[in-house]
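# Structural characterization, general
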Amino acid sequence: MKEDFVKSKNLNEIKLYRHIKDSDPEIYGYLIQELKRLRENLELIASENVVSISVLEAAASVLTNKYAEGYPNARWYGGCKYADKVEEIAIRRAKKLFNAEHVNVQPHSGTQANMAVYFAVLKPNDTILALDIASGGHLSHGHPKNFSGAIYNVIRYGVDSKTHLIDYDQVKDLAEKHKPKMIVVGHSAYPRTLDFKKFKDIAASVNSYVLADIAHVAGLVIAKLHPNPNEAGIEFVTTTTHKTLRGARGGMILTKNEFAKKIDSAVFPGIQGGPLLHAIAAKAVAFQEAGKIEFIEYQNQILKNASKLGEEFVKKGYRVMTGGTDNHLVLLDVYTTYGVTGRDASNWLEEANITVNKNLIPYDTLSPFVTSGIRLGSPAVTTRGMEEEEMILIAGFIDEILKNNGKSEIIKNVKKDVLDLLKKFPLYPEIKDE
Ligand code: DSN
């Protein structure tokens, strides 16, 4: 490699300007394998999606070269005039989509967004009240192994032992008893609508802030298919940009003008250095897509598909947590239904090209590495164009494997059916896989 640089007279001859296919066949090979995996798998991970070619292009753009610590028109480095435009557009689009007063698009991820909110208004050992992970909460909501659990005093609320719904009376009792500085609402695996207004009222009665983490349901919020925490008067809203929102991987914070400065300073210089401008460009492109009528139709179909999946599993006798879903995800207790662990279920399904994740269920008796449940989500298959009739087929594929205890002959047959189904829903036909 060094020799190429030394010998080259013309910059275009050096390896720096060669396509990855020639310059790094090893990594290129895995990128192609990943493309094939996406094409040939039923993607049912509730937090994943498939972005448009435009989002991919922005994410792979020359903006990856740019350092731009600071904010538009107030940067530490020169050469930011186009970076400024891109970030301003991303902010403007996000404000409109979510009806937010102030937006910070720089967080590298959802966890970074949550970290910045905590850092903006909490001190170490302050008390936060958040949903327990087995009830559907997230690591960054105070899990003991996460920074949030190590730095803050975490009190956990859960779901009711019978209905598996959030017990708002318990939230209120715990808030009154512990007087948290912040109440966190949001989830990774809760299949029902969140009542932001109730959280806001409880918090107001004990003089606490609310952080609403809408990473999973952001697309539904835009489409007005889920309540908008900004409209419930909640102070801090965080989200990822790549789940139902179907954008580039990353995070974002929405807040009120009165907290704008605190939040911006908490993100930079508080917890991050230079923003990832290529990711911000890709977020902006996704926000433009999310402002279109087709996006609302897409979100509606996500709901119809998830609901159909839930119904099918109820019909087949599964223990479907909460009896179904209001959003894009379905949580199945496969252990009670068939004596199959979430881990085995997920491994067997993967062999048949069906991608899900093992998931704790409320009051799980198994460890987080094993679990009684699996989580299914409809965003990615809906992006591929699937509708209710395909959901019926998918529920059938999954059931066939689980009720037969992952028998290899059955897995082989289901895999064939999965591949046949996917042929009707081509993915990225414009990208070559050779
Ligand atoms: N990993 C995401 C999820 O699957 O819900 C949350 O960070």
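Up top you'll find the structure we're talking about.
What this report covers is the structure whose coordinates are included nearby. Here the residue numbering is sequential within each chain, running from 1 through the sequence in written order. Only residues with pLDDT of 70 or above have their local features reported here, since the model is predicted, and side-chain atom pairs are shown and tallied only from 80 upward, although totals for entire chains, interfaces and linings are computed over all residues. Hydrogens and waters are ignored; side-chain quantities use all the structure's heavy atoms.

Time to look at the overall build of the protein. Within the protein, the regular secondary structure consists of 18 helices and 15 strands. Relative to the globule expectation of 22 Å for 434 residues, the C-alpha radius of gyration of the protein, 23 Å, shows essentially globular dimensions. Taking the principal axes of the C-alpha coordinates as reference, the protein spans close to 70 × 60 × 40 Å. Buried residues are those whose accessible area, probed at 1.4 Å on protein chains only, stays under 20% of the maximum for their type, while exposed residues exceed 50% and partly exposed ones sit between those limits. Looking at the protein as a whole, 56% of its 434 residues are labelled buried. Only heavy atoms matter for contacts: two residues are in contact if any of them lie within 4.5 Å across the pair. Pairs at least 24 residues apart make up 73% of the contacts formed inside the protein by residues separated by at least 6 positions. Accessible area of the protein: about 19900 Å², with a carbon and sulfur share of 52%. The positive count covers Lys and Arg only, the negative count covers Asp and Glu only, and His and the chain ends enter neither. Each charge is placed at NZ for Lys, CZ for Arg, CG for Asp and CD for Glu. In the protein, 55 positive and 53 negative side-chain charges are present, and the distance between their average locations comes to 3 Å. Secondary structure counts use DSSP, requiring at least four H or I residues in a row for a helix and at least two E residues in a row for a strand, with both numbered from the N terminus. Each radius of gyration reported is based on C-alpha atoms, and the globular scaling rule is 2.2 Å times the count of residues to the power 0.38. Working definition of accessibility: Shrake-Rupley area with a 1.4 Å probe, residue cover restricted to the visible protein chains.

Bringing the sheet that holds strand β7 (residues 182–186) into the picture now. A sheet is described by the order of its strands in space; here seven strands give the open sequence β4-β10-β9-β8-β7-β5-β6, paired in mixed fashion. Where the open sheet ends on each side, the last strands, each with one partner, are β4 (102–104) and β6 (153–157). Mean inter-strand twist for the sheet, computed between neighbouring axes without regard to direction, equals 20°. A pair of strands counts as paired when DSSP detects no fewer than two bridges linking them. Each axis is a line fitted through C-alpha atoms, taken for helices only over the stretch in contact, and angles between the N-to-C directions span 0 to 180 degrees.

A pair of aromatic rings is counted whenever rings of Phe, Tyr or Trp (Trp by its six-membered ring) have centres within 6.5 Å, and the orientation is called stacked for planes under 30 degrees apart, edge-to-face for over 60 and tilted otherwise. The tally for this structure, following the rule as stated, stands at 12 aromatic pairs. With 5.5 Å between their ring centres and 75° between their planes, Tyr-209 and Phe-236 make a pair best called edge-to-face. Taken as a pair, Tyr-209 in strand β8 (residues 209–213) and Phe-236 in strand β9 (residues 236–240) lie far apart in primary sequence, 27 residues in all. With relative accessibility at 22%, the residue Tyr-209 sits in the partly exposed group. The rule is short: NZ of Lys or CZ of Arg within 6 Å of the ring centre and within 35 degrees of the ring normal puts a charge over the ring. Here the guanidinium or amino end of Lys-198 rests over the ring plane of Tyr-168, the centre of that ring lying 4.7 Å away.

Below, the discussion takes up the layout of surface pockets. Here a cavity denotes grid points, spaced 1 Å and computed from the protein atoms alone, that fit a 1.4 Å probe unable to get out, and a pocket denotes an open set having protein on both sides within 12 Å along at least 5 of 7 lines; residues with an atom within 4 Å of a point are the lining. Grid points are joined across faces, edges and corners, and a volume is the space filled by probe spheres set on the points. The computed volume of the largest pocket comes to approximately 990 Å³. At the level of secondary structure, the elements contributing two or more residues to the lining of the largest pocket comprise α3 (25–39), α4 (53–59) and α12 (277–290). Note on residue classes: Ala, Val, Leu, Ile, Met, Phe, Trp, Tyr, Cys and Pro are nonpolar, Asp, Glu, Lys and Arg are charged, and everything else, Gly too, is polar. Residues that form the lining of the largest pocket fall into these classes: 16 nonpolar, four polar and six charged. Looking at the second largest pocket, its volume works out to about 470 Å³. Considering the residues around the second largest pocket, the lining is formed by 18 residues, among which Ile-133, Leu-139, Asn-357, Lys-358 and Asn-359 are closest to the centre. If one sorts the elements of the lining of the second largest pocket by residue count, strand β14 (residues 357–359) sits on top with three residues.

Strands sit in the order β11-β12-β15-β14 across an open sheet of four strands; the sheet is antiparallel. In the strand order of this sheet, the two ends are held by β11 (319–320) and β14, each with one partner. Bridge count between β14 and strand β15 (residues 373–377): three bridges; the pairing is antiparallel. Across the sheet, residue Asn-357 finds its bridge partner in β15, namely Arg-375. Against the sheet, helix α13 (residues 293–315) contacts β11, β12 (329–333) and β15, and its axis sits at roughly 20° relative to β12. Contacting β14 and β15, helix α15 (residues 342–351) runs over the sheet at an angle of about 45° to β15.

This brings us to the packing of helix α6 (residues 110–121) against helix α11 (residues 260–271). Taken N-terminus to C-terminus, the directions of α6 and α11 make an angle of 110°; their axes are 8 Å apart at the nearest point. Classed by the angle they form, the pair α6 and α11 counts as roughly perpendicular. In this structure, α6 meets α11 at a crossing whose hand is right-handed. Seen from α6, the contacting residues are Gln-112, Met-115, Ala-116, Val-117, Phe-119, Ala-120 and Val-121; seen from α11, they are Lys-262, Ile-263, Ala-266, Val-267, Gly-270 and Ile-271. Each residue belonging to the contact of α6 with α11 can be placed in one class, and the counts come to 10 nonpolar, two polar and one charged. If an angle is under 35 degrees, it is roughly parallel; if it is over 145, roughly antiparallel; if it lies from 65 to 115, roughly perpendicular; otherwise it is oblique. For any helix crossing, the convention is left-handed if the near helix is rotated counterclockwise from the far helix by under a right angle, and right-handed if that rotation is clockwise.

The next thing to look at is the packing of α13 against helix α17 (residues 388–403). Direction vectors running N to C along α13 and α17 enclose 40°, while the axes themselves pass 9 Å from each other. Compared by their axis directions, α13 and α17 come out oblique. For the pair α13 and α17, the crossing hand works out as right-handed. Between α13 and α17, the contacting residues are Gln-301, Lys-304, Asn-305, Lys-308, Leu-309, Glu-312 and Phe-313 on the first element and Glu-388, Met-391, Ile-392, Ile-394, Ala-395 and Ile-398 on the second. Here the contact of α13 with α17 is composed, by residue class, of seven nonpolar, two polar and four charged.

Our next topic: the site of the ligand. Around the ligand, the neighbouring residues are Ser-47, His-138, Ser-188, His-216, Lys-243 and Arg-375. Two N or O atoms count as a polar contact when they lie within 3.5 Å, although within protein this holds only if one can serve as hydrogen donor and the other as acceptor, and sequence-adjacent residues are included solely when both atoms are side-chain atoms. A distance of 2.8 Å separates an oxygen atom of the ligand from a polar side-chain atom of His-138. Note that an oxygen atom of the ligand is positioned 2.8 Å from one of the side-chain N or O atoms of Arg-375. Alone, the ligand offers 230 Å² of accessible surface; in the complex the protein occludes 64% of this. Class assignment of the residues belonging to the shell around the ligand gives a composition of no nonpolar, four polar and two charged. Here a residue is considered near a molecule or strand provided that any single heavy atom belonging to it is located within 4 Å of it.

Attention shifts here to helix α9 (residues 196–205). Taken residue by residue, α9 has Phe-196, Phe-199, Lys-200, Ile-202 and Ala-203 as its buried positions. In a view along the axis of α9, the buried residues occupy a sector of 165°, so they form one face of it. Elements that come into contact with the buried residues of α9 comprise β6, α8 (168–178), β7 and β8. Just beyond α9, the residue with positive phi is Asn-207, at close to 60°. Working note: the arc is built from the helix axis to C-beta atom directions.

The next subject is α15. Here α15 has its buried residues at Gly-342, Ala-345, Ser-346, Trp-348 and Leu-349. Taken around the axis of α15, the buried residues stretch over an arc of 165°, which confines them to a single face. Residues of α15 that are buried sit in contact with α14 (334–338), β13 (354–355), β14, β15, α17 and α18 (408–423).

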